[in-house]
Amino acid sequence: MRIEVRIAGFGGQGVILAGVVLGRAAAVYEGLEAVQTQSYGPEARGGASRSDVIVSDEEKIMFPYVREPDHLVVMSQEAYDKYIGDVKSDGLVVYDSTLVEPSRGDVEHVGVPATEKAEEELGLRIVANMIMLGAYRELTDIVSFDSLRNAVMDSVPPGTEETNEKALRLGAELAEGGAD
Amino acid sequence: MRIEVRIAGFGGQGVILAGVVLGRAAAVYEGLEAVQTQSYGPEARGGASRSDVIVSDEEKIMFPYVREPDHLVVMSQEAYDKYIGDVKSDGLVVYDSTLVEPSRGDVEHVGVPATEKAEEELGLRIVANMIMLGAYRELTDIVSFDSLRNAVMDSVPPGTEETNEKALRLGAELAEGGAD
Amino acid sequence: MRIKEEFCKGCFLCVWVCPVDALDESDRRNEKGYRLPEQVGRCTGCRQCEMICPDVAIEVVEADEG
Amino acid sequence: MRIKEEFCKGCFLCVWVCPVDALDESDRRNEKGYRLPEQVGRCTGCRQCEMICPDVAIEVVEADEG
Amino acid sequence: MDVEDVLRMDRWPHILCPGCGNGTILNVLARELAERFENGDLDPDKTVLVSGIGCSSRLPGYFRLDSLHTTHGRPLAFATGLKTANPDLEVIVITGDGDAAAIGGNHLIHAARRNLDVTVICANNYIYGMTGGQVSPTTPEGDVSTTTPYGNPEPPFDLCELVMGAGAPHVERWTTAHPVQLKAAIGRALDREGFSFIDVLSQCPTNYGRRNGFRDAREMVEWLRENTSTRDEEGKIRIGILRDEEREPFHARIRKVLEKAGGDGD
Amino acid sequence: MDVEDVLRMDRWPHILCPGCGNGTILNVLARELAERFENGDLDPDKTVLVSGIGCSSRLPGYFRLDSLHTTHGRPLAFATGLKTANPDLEVIVITGDGDAAAIGGNHLIHAARRNLDVTVICANNYIYGMTGGQVSPTTPEGDVSTTTPYGNPEPPFDLCELVMGAGAPHVERWTTAHPVQLKAAIGRALDREGFSFIDVLSQCPTNYGRRNGFRDAREMVEWLRENTSTRDEEGKIRIGILRDEEREPFHARIRKVLEKAGGDGD
Amino acid sequence: MRDENGKVEFLQGNEACAEGAIAAGCRFFAGYPITPSTEIAERMSARLPEVGGVYVQMEDEIASLAAVIGASWAGVKAMTATSGPGFSLMQEHMGYAVMTETPCVVVNIQRGGPSTGQPTKASQGDVMQARWGSHGDYEVVALSPYDVQEMFDLTVECFNWAETLRVPAVLLADEVVGHMRERVVLREDVETVDRELPPEGEEVERPFPLEPDDLVPPMPVFGRGHRVHVTGLTHDERGYPCTDDPEVHRKLVRRLCNKVRKRAGEIHESVGYDFIERDSDIALVAYGGCARTVLEAAEEAGVTVFRPKVIHPFDEGLVRRLLDGYEVLVVEMNLGQYYEMVKMALDPDCVHLLGYPGGYPPTPERVVEEVERLGG
Amino acid sequence: MRDENGKVEFLQGNEACAEGAIAAGCRFFAGYPITPSTEIAERMSARLPEVGGVYVQMEDEIASLAAVIGASWAGVKAMTATSGPGFSLMQEHMGYAVMTETPCVVVNIQRGGPSTGQPTKASQGDVMQARWGSHGDYEVVALSPYDVQEMFDLTVECFNWAETLRVPAVLLADEVVGHMRERVVLREDVETVDRELPPEGEEVERPFPLEPDDLVPPMPVFGRGHRVHVTGLTHDERGYPCTDDPEVHRKLVRRLCNKVRKRAGEIHESVGYDFIERDSDIALVAYGGCARTVLEAAEEAGVTVFRPKVIHPFDEGLVRRLLDGYEVLVVEMNLGQYYEMVKMALDPDCVHLLGYPGGYPPTPERVVEEVERLGG
Ligand SMILES: Cc1ncc(C[n+]2csc(CCOP(=O)(O)OP(=O)(O)O)c2C)c(N)n1
Ligand SMILES: Cc1ncc(C[n+]2csc(CCOP(=O)(O)OP(=O)(O)O)c2C)c(N)n1
Ligand code: SF4
Ligand code: SF4
Ligand code: SF4
Ligand code: SF4
């Protein structure tokens, strides 16, 4: 197994953190090989933001950059438009259906109304990223739920653990129903 | 002909200038090859000061430093003691007899009471260097008097030309009588 | 009052600076997803919004009712 | 008053600073050729010469007649 | 001449974050220049911008003028060469608190001392914005930055005191909450021959505001308006004209040397 | 303890020219230290000297203490590392006008701002002595140096104004014509916790005096005595204590950060 | 999480570097922020106060290295971190650290140059600068990590070699490894080396001996009664300036260089390198972030590959032993720097270059293509 | 005195350098004094005002090169002069000048390093630094004079190549030639080159083209209506920052290097070199002040000798053509720098070094001795 994942969205949505959490879950809690990279640059301010993760259960991941993502987790239309073309055909695209209108045909799309649900059910728009992550995990089983939860607990500010865990679980639930 | 000359003394006596004037006379007015060097360094302050000149009527002077001076023109005891050992045997040493007591045997010594005469006859101690230069030229004919005078005129502050020329001539006179 | 919507980044400094509350936040977003301001009251033409806008995205054409 | 002659550079700041003119230039020179100061009058032991000497070449032993 | 004629609108939108105070400075400067170009008070072909490195230092690249985006901290040194080599140029230096007062502090005080004829606009947002929010020499004591997670232990500079201590003849302080006054100040600076320094208290919502209890840019300009005063008021930062004297500018002094040496060509 | 015990007399005579003001500073400092070592007010094993490059910066090498002769202009930056890494050290920085205020100006103002606990003795002889007499940022206007053959066109710094503008709490100015007062000033500086700056107007007979109408060192100290005053007098340079305030020194501020972070070991 | 050797983390290379420094005993950091090295300063500012260390953000990079050197003479292990432009500004003080034999660590997270260049992108453009950037003849140690674990481990090695040899040691990393996140074990079992000290309270008579020419003398520390004078001028054995005696200068500079050069082999062996021999005429050479591409490509193309971790001092003997007879292709994210050193060691006609500036390492496919072009 | 070409003088190398600059059209000097280069600044401060030029003594070397670059963008030929420590401080701005393609001349009168070292003594320790001292990949021109006349002539050449190529050109001299006095003709017949300018009053559309990769574009000047944006960031053809596109960076850096590299042969031919062929197996190589010894020694020992005047760009082809087959002995006042470049060009086993730091060139006898040891 060697999977390239791109998590992308708008600056401020927490897509970098989502990538780091995913990589951490794989590398620290599952003993998998994992590399996370992201794009730095002045143009990243406020514009499209992305976090790339490669996960593998084989040997050390050498070339660390994602070229053709197997999976795209995407939270803004701009990011969708920018990165959708890179996804492998038959790849998986998990998108925030509150904000993204999918268009490409030859990939599997799963919509998750993450931002909407984050506001409605958790009262906190900024945990939409965790909803997306929970959904993505549920759909791929790339890491176990416990590993993901542990990684989230390591990474979020004290006091916010509970909300974040709720968001993960909510994502998982939404994913179950969600394929379109 | 290739002659290595060292002019040495105490900081402030104008030995550097004397070397530059000699080199200039040779290089600019006689069309000879000439290189002037001097020692730089914090230790030069007030202590021994020296100016080395190599003059040649052959090809370009390559290695530019004086190793065994043919001639030493010297104006302080400290400088005499420091450099006398370097002089070629049978070399010529022209010394300011006001300030220097010679000691070495196998070189030719000529004493010139430059500092004394500079004060007495010209009322200006600091032209002792020109007296020494005039004497040295007279003894060696290394450059013509006119060349030396021209070089001096180029190099001294306006208004002091006359005194300096007098000093050169006085040196020449003193040299004629001076060998000891 | 003209807002160059494609340049606006939704900081609402214009809304803050307007001495007569002629501007307010709207729910409209531009292509990049930034929320836009809108004119809601009478503009006296003082041009403070025009000058404070970090993105040079407002042009006060003339004082008007909005 | 002791002048460490080997260190003196003949600047005569000591002569300048002495409030009672106890010091003056002499005609004696040290090995390097610097002219030396000498005590010529009564010293009050104010130690100003000791302190101003750039070469730390004076030691005021005690106030004395010179 | 319209503000858009002064700017390289082909580069819009610019890279600054939403609500960045540097943007307001850009805007105000562009308008003052546009007016002067329009009036003929200033020749756009002879007006040049110089900056160092930082978000604020990106401003010159957005002006349709000759502009030199130099190295971090050194714009005043480059400007010294430009202005003395061609005194006909009107030189405006745009810099940040990090650029001018951290790495560039020495050039700042020397340009002030020499009375180099430049207008210095220092966007003082208390932080290194470009590199993501590290403490700067103007960050208030106790404030949080990415390199002062326990609060800033260092006392900050008062930049105006600093340049006045170095001899600057014309010094003003304003804020991004005072765009109208800032524009007038830039005008005065352009009118003065000699070194003019404008300390512009400004906001970096992204890297300073967030970490120090400000929700957005509006709260920050609000703070700037509430906590500054053109009079000496207890607990408020003094803004306004802090010094306005006349002294011979550096290029005129150099000119005199040329005259003495006979190299003035007259 | 005798002054000779504080000095490396094996290096005597030192390299300074006859009548050099740097020598007087060396002398006075050595005596103040000898007294304090004698009294037990200061531990010679904990007293360190730091300097940059210049004739004045050669002084530390003549003291039988730990001493760091650094690079041109940077002694205060090195001292920042020494003092904050080991706050038990008593750090004295010896610098020149070129070292401190030309190339080193930025470190000077930042050390002043931080209130680094060091005593800075600046031998201000208006010239670059070591390199043979070029203009310095404190050379008076109009004076001749090897690089201002037509007279210096630049206005000089007032170094005390400069460091006060940067926030220095303890600032004094004396001259080499005032050895007794200078010694007392050094004593005060050692007593103060925090940044102490002593601007010592001094003479370089070799490279400044000669070119500006002074026959010898005596004429120069005479000038310094005649043209300075501890009161504000028309046409005279103000000497004396110019500022003496208390502010928390930098290492104590750092200590508080450690306490917050739990790394103070208590 | 922990494994047998320490805490398991998922960190950026820059963060791992900071942790490595603390594990190595670093208790002083002075720096000035610059992309892409800033995370090192940021983590140090949070971590050092926790362990009783001092973080100071200086006014610039010149001051940063100065403060580090000052702290080192106060007896504290000290480090700074920077990138291209800052590293250029540190060059005068690199030479000062060499001349005064001050152990210290300078991290350079290489970004695209020249000049401000590509601030957020990777490069290996400072390889030659690390050795030649300051004036005069000198030698330093420079190590190049290829993953996050090595950002930790080689930082420790930098401290150890700095202390062993009394030289500035450069962690010559690049943005690839500085910014990527991977699993890293924050080892608690690191072996640390501390400089040798003279006995406390004793004046040191010959702090800077001239001979033998590979000697590393014990290091006096300020405040312990050694009464040492330290200068960047050429100095005699007593430490006093001595700038006119050619023999003294020659001996001093020889010793400063030879104490590093003569141990090139030992440093390479102790820090290690990868050499994967395959039955091929072609050998690939790469280091740092770029080596990740090249190791993958070498496997794919079935060719030999050499990955040094030690960049300076270059070990000509080792390179000859390993690579003589191969057609060698050096792949680096610059226009050919390590390449020049390899060329000096081997028949220059057999050494080839894939120079790849631009901000990203080449892909393995790109390298394989180049191998094929060479006939591999 | 005059000869047919100009005034005959007896000057220091440093003074001749200043005169050369003025003859080349230099009208701006910014500097900071440092031994042993100070006489250049001193003479410029006296001479420039006489010819309508500007002398500014800056607060440090960083500012000096900055001001020079600023003046160059104001359309004026500009120069600075320094020595070791100051040259180290200028490295960031060397890279900036390269990246912005700013013609300027930097004189480095080499003294003994590393660090403050031997301030008043000669060295050739900054040869590699001149090319590698700044971060990133770049090329400059560096010329090395061996007598006072060449201090004049090669300063003119530096200006000419700086203007031709829009690069910083380094006069890489040493204290030997900087401080010695010799006859020099202050030529009035010097050929000067001025940068190509775009038409006045026109906005320049593509001030920084990316291709072809050896192109030197005409140089806009501030104040003439070109409305150019100049940045040290990687920039597109318009001059705008463009720091994320690998292709743009690659093309830009390639062009900046190739515009110099590809003309290495032309530069060597035009500036000239000495090659005295003798019937011998051994060839000596030396440059600058040290070459005076070596030319004398070669004559004495009857061996071939090569004296380059151009140090950078190194011309591998030329060195191969001239020296292939010889046992080569490189003599330099350092521990081996030009030596490394020669080794890269030839069979490394045939290249030998007499590295001679210490402050003075070796004597001819010392070199002859070394030749004999090699079997010559
Ligand atoms: C020599 C050097 N050191 C450090 C940097 C990194 N750097 C770029 S901008 C900056 C700080 C900018 O702060 P400021 O001037 O206040 O501008 P702002 O971004 O806040 O507008 C730093 C440290 C650099 N580019 N060059
Ligand atoms: C980086 C660098 N630039 C320049 C120099 C040359 N330099 C040595 S001392 C000095 C000036 C010293 O002046 P000052 O500090 O006033 O001391 P003084 O010699 O007058 O006591 C200069 C320019 C140097 N050593 N290093
Ligand atoms: S002050 Fe010192 S050096 Fe000067 S004359 Fe007096 S004793 Fe001699
Ligand atoms: S101690 Fe004596 S000699 Fe010295 S200044 Fe005082 S009174 Fe004069
Ligand atoms: S980081 Fe701060 S200073 Fe920079 S553009 Fe954003 S808000 Fe402005
Ligand atoms: S040159 Fe000047 S400052 Fe230096 S030692 Fe001589 S008198 Fe003192």
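What you see is a predicted model, and the numbers here were worked out from it, not measured in a lab.

Peer 1: Just give me the short version of the overall build of chain E, but keep the residues and values in it.
Peer 2: Each helix and strand counted, chain E has ten helices and eleven strands in total. Relative to a compact globule of 266 residues, whose C-alpha radius of gyration would be 18 Å, chain E shows 18 Å and is just as compact. Expressed along its principal axes, the backbone C-alpha trace of chain E runs to roughly 60 × 40 × 35 Å. In chain E, buried positions account for 73% of the 266 residues. For chain E, the exposed area adds up to about 7600 Å²; of that, 44% sits on carbon and sulfur atoms.

Peer 1: Can you tell me about the site of ligand 3, naming the residues and giving the values?
Peer 2: Taken together, C8, K9, G10, C11, F12, L13, C14, P37, C53, P54, D55 and I58 of chain D make up the full set of residues adjacent to ligand 3. Across the shell around ligand 3, the residue classes tally to nine nonpolar, one polar and two charged.

Peer 1: Break down the relation of the copies chain G and chain H for me, citing the residues and quoting the values.
Peer 2: Its rotation angle being 180 degrees, the transformation that places chain G on chain H also includes 0.0 Å of axial translation and leaves an RMSD of 0.0 Å. What we have between these two chains is a two-fold relation. Judged by C-alpha distance, G133 of chain G is the residue of chain G that lies nearest the rotation axis, at 1.9 Å. A share of 100% of interface residues in chain G that are also interface residues in chain H marks the association as one of identical surfaces.

Peer 1: Describe the pairing of strand 17 (residues 351-355) of chain H, with residues and values.
Peer 2: All names here are of chain H. As judged from the five bridges shared by strand 16 (residues 327-332) and strand 17, these two strands associate in the parallel manner. For V328, the partnering residue across the bridge sits in strand 17 and is V351. Considered for its hand, the β-α-β crossover made up of strand 16, helix 13 (residues 338-345) and strand 17 is right-handed.

Peer 1: Which residues make up the sheet that holds strand 8 (residues 196-201) of chain E, and what values go with them?
Peer 2: In a beta sheet, neighbouring strands pair by backbone hydrogen bonds and run either parallel or antiparallel. An order of 11(E)-7(E)-8(E)-4(E)-3(E)-1(E)-2(E)-11(H) is seen for the eight strands of this open sheet, with the pairing classed as mixed. A strand with exactly one partner marks an edge of an open sheet, and here the two such strands are strand 11 (240-244) of chain E together with strand 11 (229-231) of chain H. Each neighbouring strand pair of the sheet contributes to a mean axis angle of 15 degrees, computed without reference to strand direction. As paired strands, strand 3 (residues 90-96) of chain E and strand 4 (residues 118-124) of chain E are joined by six bridges and run parallel to one another. Note that in strand 4 of chain E the partner of V91 of chain E across the bridge is V118 of chain E.

Peer 1: Explain the interface of chain G and chain F to me, using residue names and the numbers behind them.
Peer 2: Facing 42 residues of chain G, the contacting portion of chain F comprises 40 residues. Summed over both sides, the interface between chain G and chain F buries roughly 3300 Å², with carbon and sulfur atoms accounting for 58% of that surface. Counting the contacts that link chain G with chain F gives 22 residue pairs in polar contact (both at pLDDT 80 or more). Secondary structure elements with two or more residues in the side of chain G that touches chain F: strand 4 (54-57), helix 3 (61-73), helix 5 (91-100) and strand 11 (229-231) of chain G. If you tally residues by element for the side of chain G that touches chain F, the top one is helix 3 of chain G, at eight residues. Classifying every residue of the side of chain G that touches chain F by side-chain character gives 23 nonpolar, eleven polar and eight charged.

Peer 1: Help me get a handle on the confidence of the model for chain E, residues and values and all.
Peer 2: Overall, the prediction assigns chain E a mean pLDDT of 97, with 99% of residues at 70 or greater. Scoring the predicted complex yields pTM 0.98 and, for the interface, ipTM 0.98.

Peer 1: Describe the interface of chain G and chain H, and please don't skip the residues or the numbers.
Peer 2: With 64 residues of chain G at the contact, the number on the chain H side is 64 residues. Across the chain G/chain H interface, buried area totals approximately 5500 Å², and carbon plus sulfur atoms make up 56% of it. For the interface between chain G and chain H, the tally reads eight salt bridges. Note that R131 of chain H is salt-bridged to E340 of chain G, the shortest N-O span being 3.4 Å. Where chain G packs against chain H, one counts 38 residue pairs in polar contact (both at pLDDT 80 or more). Here the side of chain G that touches chain H takes seven residues from helix 9 (residues 246-261) of chain G, the largest share from any one element. Of the residues contributing to the side of chain G that touches chain H, the split by class is 23 nonpolar, 26 polar and 15 charged.

Peer 1: Hey, could you go over the sheet that holds strand 14 (residues 304-308) of chain H for me, with residue numbers and the actual values?
Peer 2: All names here are of chain H. Here five strands make up an open sheet; going across it, the order is 12-14-13-16-17 and the pairing mixed. Unpaired on one side and paired on the other, strand 12 (273-276) and strand 17 mark the two borders of the sheet. Strand-to-strand, the axes of this sheet are offset by a mean angle of 20 degrees, without reference to chain direction. With three bridges connecting them, strand 13 (residues 282-285) and strand 14 associate as parallel partners. Across the sheet, residue A283 finds its bridge partner in strand 14, namely T304.

Definitions and limits used
Residues numbered from 1 in each chain as written. Chains lettered and ligands numbered in written order. Predicted model: local features only at pLDDT ≥ 70, side-chain atom pairs only at ≥ 80, totals over all residues. Heavy atoms only, no water. Helix = DSSP H or I, 4+ residues; strand = E, 2+ residues; numbered from the N terminus. Rg over C-alpha atoms; globule rule 2.2 N^0.38 Å. Buried < 20%, exposed > 50% of the residue type's maximum accessible area, 1.4 Å probe, protein only. Areas by Shrake-Rupley, 256 points an atom, 1.4 Å probe, with all protein chains shown as cover. Near = heavy atom within 4 Å. Nonpolar A, V, L, I, M, F, W, Y, C, P; charged D, E, K, R; others polar. Least-squares fit on C-alpha atoms with pLDDT ≥ 70 in both. Contact = heavy atoms within 4.5 Å. Pairing = 2+ DSSP bridges. Right-handed = clockwise from strand over helix to strand, strands pointing away. Axes fitted to C-alpha atoms, helices over the stretch in contact; angles between N-to-C directions. Buried area = accessible area lost by both parts, 1.4 Å probe. Polar contact = N/O pair within 3.5 Å; in protein donor to acceptor, adjacent residues only side chain to side chain. pLDDT = per-residue confidence, 0-100. Salt bridge = Lys/Arg side-chain N within 4 Å of Asp/Glu carboxyl O.

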